[in-house]
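Per-entry structural report
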Amino acid sequence: MRVTLPTMYNSVVRDLQRLAVEMQQINESISSGKKYNAIYQNPLDVQRAMGYQNNIDLIDQYQRNLQTAESWLTNSEATLQNIGDILKEAMTLAEQMATGTYDADNRAAAAKQVRNILEEVVQEGNVDINGQYLLSGYKTDTPPFVWGNLAVQAAALSQTATSSFTGTATSGGTYTDTTARTYLAEVTSGGAVGTARFRVSDDGGQTWSAEFTTGAAQAIWGNDGVDRGVTLAFAGAGDLAVGDRIVVQVSPVTYQGDDNTVEVAVSKTNRLAINSVGRDVVGGSSGGVDIFQVLYNLQTALENNDQATVSQCLEDLEAVNSNILQYQGDFGARSQRVTYKQNAYASLKDRLTAGLSAVADTDLITATTDLNLVQTAYEAALYSSTQVLNLSLLDYMS
Amino acid sequence: MSISSILSIAARALLAEQVGVEVVSHNIANVNTEGYSRQQVELVTNPALDMPWGQQGNGVKVAGISRFFDPYIALRLNQKIGSQSDYATRQSELEKIAEYFNETEDNNINDLLSQFWNSWQDLADNPTGSAERQSVLQNGQLIAESFNSRANELMQQRMDLVNSIRTDIDSINKLTAQIADLNNEIMTAEAGGHAANDLRDSRQQALNELSKLVGISYFEMGDGSVNVMLEGGATLVSGIESWTLAFQTDANDDIQVTWNGPNGYTKDVTDWVSGGQLGAHIYIRDDRIPSYMSGLNALVKDLIWEVNSVQSQGVGLSYYSNTVGTYGVSDPTAALKDNPALPFGDKINEGGEFTLYVDDSTGTAVASATITITVGMTLEDLRDAIDAALPGYVDADITSDGRLTLTGLNSHSFGFGNDTSNVVAALGINTFFTSQTRNSDDFAYTLGVNEALSADPDKVATGHIDIHGNHPRGDNSAALDMADLENQAVGPGGMTFSEAYQDLVGEIGLDTENASQQAEFLANVVDQLTQMRDSVSGVSLDEELAALIKYQRAFQAASKLITTADELYQTLLSMKT
């Protein structure tokens, strides 16, 4: 093959250019610290790096969510701990006062103490973080418990899945007794307001009254048939279904929150509830196990020097305490889950960061070695080019 | 034979060697001329003279000057130059596009999407926080601007490519005219029977330039002219005539190349244009960019719909006292479902329903109405249904550009929920993102954040209204639903939004990488063919210098012949005296 001057010249230029491009790329990857600086340098790795980055961002977010969860859960747990401690005080007091060795004056003094305990529990229950009340459900801007006189609280309607009732159940009336009570109404035959029928219990569903028909405000009572001034009214559209329940509480404390639990996302598929419904945990209007009612009844019994009721209240306090303990344990378990998730995410993030680094970051050792190689090649090419291109017959012609 | 014949042989030899030196000097002078083929003088013996002692040689004569040229290599080189130019042009255009989508830089769309979803998580952690609301809106705005600018850059490049195509076609027309002229000159010059070496080199050079611009095929006719055709078929040069190309954009804004043939005949030859810069420019402009654009639009369209669906089902910290939809219909008496003016008209579910909840000025729920979207329901029907359901509470109206507007009456405010009909989001009411008001495919270019929300961040949906009309401020269920969209396969092709975006970026990256690999490979092929061509046609200075010595020595020897003949004459003449 004939080799001509343009051939040699072109191949020198081309090879030097190729080496220069390579040097520039290595140099850029070293100075920027990134293996690739354009999406076409290695589209598959760039795409993988984007995926890694997404997952790392997501984990950062879950870790932030878990911090929120942790502060809610630990605060709630501490609150229940405090309430539990206060309750123990009340139980000790009740235990003493249930024995015959104390007289009316002692009991009146104890009643004042119970009153203080009651107010303390309300205060504890209204715990907040940055103005957000932990035990109010979604109504985080409203303190869950508000203190008042013994009064008929708003009715709480809980509907079954088949119920299409969109109206309201409204309680009312002026309470004429001095003992806190909870009226539980249960729909026994479904239908629209006026057709649907319900029965009422004032002892947690052990015994029931005769049936009432839904409609305008009417007095309701439990199995004993005694009218204590509580009324219940139904209005609105849709059909009530059998099993729909309405709780009307007569309590000194109104629960102002709602029945929702606040959740945060802790993984792609899981959400974690970071609070519990205040009235379920502590009580207040329509709560299941209601500290306030029990303490209120204890106070009344002590004021009335009613030793038998005091013993009854002691039993109720024990039930309340075990409820608190149960929720406390629940918060503890959820806190544990948070800690577990935090640890899991910390190590997952390490792995993902390492993965991202492997596809996206410049490996300085390899890059500098490569740079040396290219540099040597470039220098060698320059040297040999000058040598070869300088050769000419002219040098030997006189 | 005589001494004078020695002189004439010497004179012819001097001439021949001089031509040899001239050809060498021509070669040396053109050592760096692109497309130049080295030439060589062709020396033959002069016809011998019949002598009694047989034939006697009669010196040298110049038969002609030939060039070293391999038409087969030239043809292959011409084709590969065209392909190389095609892929190199694709590469440089795609690299520009890849630069817009450079996800290796900070603050790319992929990161922005992550940030956007994360800000919803933050809002779920603290649904009443105003900073969190602002952050959601700002991230939404950033996403919108990023998609706008990507779409804008793609459209801008599409427009710029028209200029490139204009230049390509102008250059093609100039080159074909030039080739026709060269054909003419070559045919004239070669009429005498001698090859027009330099003209042929120029013409080959012009053919190579033309190949860089557009894929062609050519062949030489018996008369020395070449015919040139587009790869697909239209004749560009035939003998001494050439025909031009022109272009315009068609109804779809695609490039249409026309061929202006003889007698005013024109033909659409777009499908015949391939290869070269022109082929690459048209391919990028009318195939790749629209494909990326539609990928981008599909992604943004799904993003708008999914985000708006969640927002439209939810409620923020406050109700609307009035609101106007962002999507309008052109005919308020046409059915809403599949309404051609509504970008999301196909999402409307007839038989579905939604509920309007009304609060009084103190924030107490006072009324609610569930509106059913009946079969064939029009915007006017919907307006009347709302007016009839909530008299004194909410007034529905239709703007002059066909959008639904709702106004709370007597200090009442309202919110939305339980929408199984999708009509709220489809009309752009209580939505997060906006796009063009009428149906077209410009979703990425027109993506924006609903002004109703940016003006009042409390409207960003975090919770839901329950069936009794309660909407507690701490409800974060809608924000959680929104954040969940990040990991749901609701984007184009059943991927998450991030995956779909990454796919698009990967496609652009791979296209660019492929083009650049092809361009590099073809550059190597072109280099090899150029070397082969140069090994036949290229000038080697050392070779020419050797030839120079060869001719110089021969010239010197021929001069010696003359002095020798002269001496012979003198010898003869001195005999006489």
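The following paragraphs examine the structure supplied in this document.

About the thresholds
- Residues numbered from 1 in each chain as written.
- Chains lettered and ligands numbered in written order.
- Predicted model: local features only at pLDDT ≥ 70, side-chain atom pairs only at ≥ 80, totals over all residues.
- Heavy atoms only, no water.
- Helix = DSSP H or I, 4+ residues; strand = E, 2+ residues; numbered from the N terminus.
- Rg over C-alpha atoms; globule rule 2.2 N^0.38 Å.
- Buried < 20%, exposed > 50% of the residue type's maximum accessible area, 1.4 Å probe, protein only.
- Contact = heavy atoms within 4.5 Å.
- Areas by Shrake-Rupley, 256 points an atom, 1.4 Å probe, with all protein chains shown as cover.
- Lys, Arg positive; Asp, Glu negative; His and termini not counted.
- Charge placed at Lys NZ, Arg CZ, Asp CG, Glu CD.
- Axes fitted to C-alpha atoms, helices over the stretch in contact; angles between N-to-C directions.
- Parallel < 35°, antiparallel > 145°, perpendicular 65-115°, else oblique.
- Left-handed = near helix turned anticlockwise from the far one by under 90°.
- Nonpolar A, V, L, I, M, F, W, Y, C, P; charged D, E, K, R; others polar.
- Polar contact = N/O pair within 3.5 Å; in protein donor to acceptor, adjacent residues only side chain to side chain.
- Salt bridge = Lys/Arg side-chain N within 4 Å of Asp/Glu carboxyl O.
- Buried area = accessible area lost by both parts, 1.4 Å probe.
- Pairing = 2+ DSSP bridges.
- Phe/Tyr/Trp six-rings, centres within 6.5 Å; stacked < 30°, edge-to-face > 60°.
- Lys NZ or Arg CZ within 6 Å of the ring centre and 35° of its normal.

Regarding the overall build of chain A
Helices and strands together make up the secondary structure of chain A, namely 7 helices and 13 strands. Taking 2.2 N^0.38 as the reference for a compact globule, 398 residues should give roughly 21 Å; the C-alpha atoms of chain A span a radius of gyration of 38 Å, well beyond that estimate. The C-alpha extent of chain A, read off along each of the three principal axes, is 140 × 55 × 30 Å. Among the 398 residues that make up chain A, the fraction classed as buried is 46%. Expressed as a percentage of contacts within chain A between residues at least 6 apart in sequence, the contacts between residues at least 24 apart total 69%. Working note: accessible area of chain A is about 18500 Å², and carbon and sulfur atoms make up 50% of it. Looking at charge distribution, chain A has the averaged site of its 25 positive side-chain charges lying 9 Å from that of its 44 negative ones.

Topic: the overall build of chain B
When you go through chain B residue by residue, the secondary structure sums to 13 helices and 19 strands. For chain B, whose C-alpha radius of gyration is 40 Å, the value lies well above the compact-globule estimate of 25 Å for 577 residues. Projected onto the principal axes, the alpha-carbon positions of chain B cover approximately 150 × 50 × 30 Å. Counting all 577 residues of chain B, 51% fall into the buried class. Sequence-distant contacts, at least 24 apart, represent 68% of the contacts inside chain B between residues at least 6 apart. When the accessible area of chain B is evaluated, it comes to approximately 23900 Å², of which 50% is carbon and sulfur surface. Put simply, chain B has 32 plus and 79 minus side-chain charges, and the middle of one group is 14 Å from the middle of the other.

With respect to the packing of helix H2 (residues 43-97) of chain A against helix H3 (residues 109-125) of chain B
Interaxial distance between H2(A) and H3(B) falls to 10 Å at its minimum, and their mutual angle equals 15°. With respect to each other, H2(A) and H3(B) are oriented roughly parallel. For the crossing formed where H2(A) meets H3(B), the hand is right-handed. Packed against H2(A), whose contacting residues are Met50(A), Gln53(A), Asn54(A), Asp57(A), Leu58(A), Gln61(A), Tyr62(A), Arg64(A), Asn65(A) and Thr68(A), the element H3(B) presents Asn110(B), Asp111(B), Ser114(B), Asn118(B), Gln121(B), Asp122(B) and Asp125(B) at the interface. For the contact of H2(A) with H3(B), the class distribution of residues is 3 nonpolar, 9 polar and 5 charged.

A closer look at the environment of Asp466(B)
All names here are of chain B. Along the chain, Asp 466 turns up in the loop between helix H10 (451-455) and helix H11 (477-484). Classification of Asp 466 by relative accessible area gives partly exposed; the value is 31%. In this structure the C-alpha to C-alpha distance between Asp 466 and Ser 135, which are 331 residues apart in sequence, comes to 27 Å. A distance of 2.9 Å separates a polar atom in the side chain of Asp 466 from the backbone nitrogen of His 468. Within the local environment of Asp 466, its side chain forms a polar contact with the backbone nitrogen of Asn 470, the two atoms lying 2.9 Å apart.

Re the pattern of salt bridges
Pairs may arise between side chains of opposite charge once their charged atoms sit close together. Residue and element names in this part refer to chain A. Taken as a whole, this structure holds 38 salt bridges over all chains when the rule is applied. Arg 334 is the partner of Asp 330 in a salt bridge, and the nearest nitrogen-oxygen pair spans 2.9 Å. Taken together, the positions of Asp 330 and Arg 334, both in helix H6 (residues 307-360) and 4 residues apart, correspond to about one turn of that helix.

Structural notes on the interface of chain B and chain A
Chain B puts 59 residues into the contact, and the matching count from chain A is 53 residues. Contact with chain A buries area across many residues of chain B, yet Thr104(B), Asp125(B) and Gln502(B) alone supply 13% of it, more than any other trio. Inspection of the region where chain B meets chain A yields 6 salt bridges. Where Asp484(B) meets Arg271(A), a salt bridge forms, and the shortest distance between an N and an O atom there is 2.6 Å. There are 27 residue pairs in polar contact (both at pLDDT 80 or more) connecting chain B and chain A. Mapped by element, the contributors of at least two residues to the side of chain B that touches chain A are helix H2 (71-100), H3, H11, helix H12 (497-537) and helix H13 (541-576) of chain B. Split by residue class, the side of chain B that touches chain A holds 17 nonpolar, 23 polar and 19 charged.

Notes on the sheet that holds strand S10 (residues 255-260) of chain B
Residue and element names in this part refer to chain B. Within the open sheet, the 3 strands sit side by side as S9-S10-S11. Their pairing is antiparallel. For this open sheet the edge positions go to strand S9 (244-249) and strand S11 (266-268), each flanked by a neighbour on one side alone. Ignoring strand direction, the axes of neighbouring strands in this sheet form an average angle of 30°. Where helix H4 (residues 130-190) meets the sheet, it contacts S9 and S10, and its direction lies at approximately 165° from that of S9.

Observations regarding the pairing of strand S10 (residues 231-235) of chain A
Within a regular strand, the side chains alternate between the two sheet faces. With 5 bridges joining them, strand S5 (residues 168-172) of chain A and S10(A) adopt antiparallel strand pairing. If you follow Thr170(A) over to S10(A), its bridge partner there is Ala233(A).

As for the packing of aromatic side chains
Both the distance between ring centres and the angle between the ring planes are used here to describe each pair of aromatic rings. Applying the stated rule across the entire model yields 22 aromatic pairs over all chains. Judged by centre distance (5.3 Å) and plane angle (55°), the ring pair of Phe198(A) and Phe234(A) falls under tilted. One end of the pair, Phe198(A), is in strand S7 (residues 197-201); the other, Phe234(A), is in strand S10, with 36 residues separating them in the sequence. Here Phe198(A) and Phe234(A) have matching classes, each one buried. Through successive ring pairs, a cluster of aromatic residues spans Phe116(B), Trp117(B), Trp120(B), Phe432(B), Phe433(B) and Phe497(B). Over the face of the ring belonging to Phe68(B) we find Arg38(B), whose NZ or CZ atom lies 3.7 Å from the ring centre. The ring centre of Tyr320(B) lies 5.4 Å from the NZ or CZ of Lys459(B), which sits over that ring.

Things to note about the packing of H2(B) against helix H5 (residues 197-213) of chain B
Residues and elements named next belong to chain B. As a packed pair, H2 and H5 sit with axes 7 Å apart at the nearest point and diverge in direction by 30°. Our classification of the angle between H2 and H5 gives roughly parallel. The handedness of the crossing between H2 and H5 is right-handed. Facing H2, whose interface residues are Ala 74, Asn 78, Ile 81, Gly 82 and Ser 85, H5 presents Gln 204, Leu 207, Asn 208, Ser 211 and Lys 212. Tallied by class, the residues present in the contact of H2 with H5 amount to 3 nonpolar, 6 polar and 1 charged.

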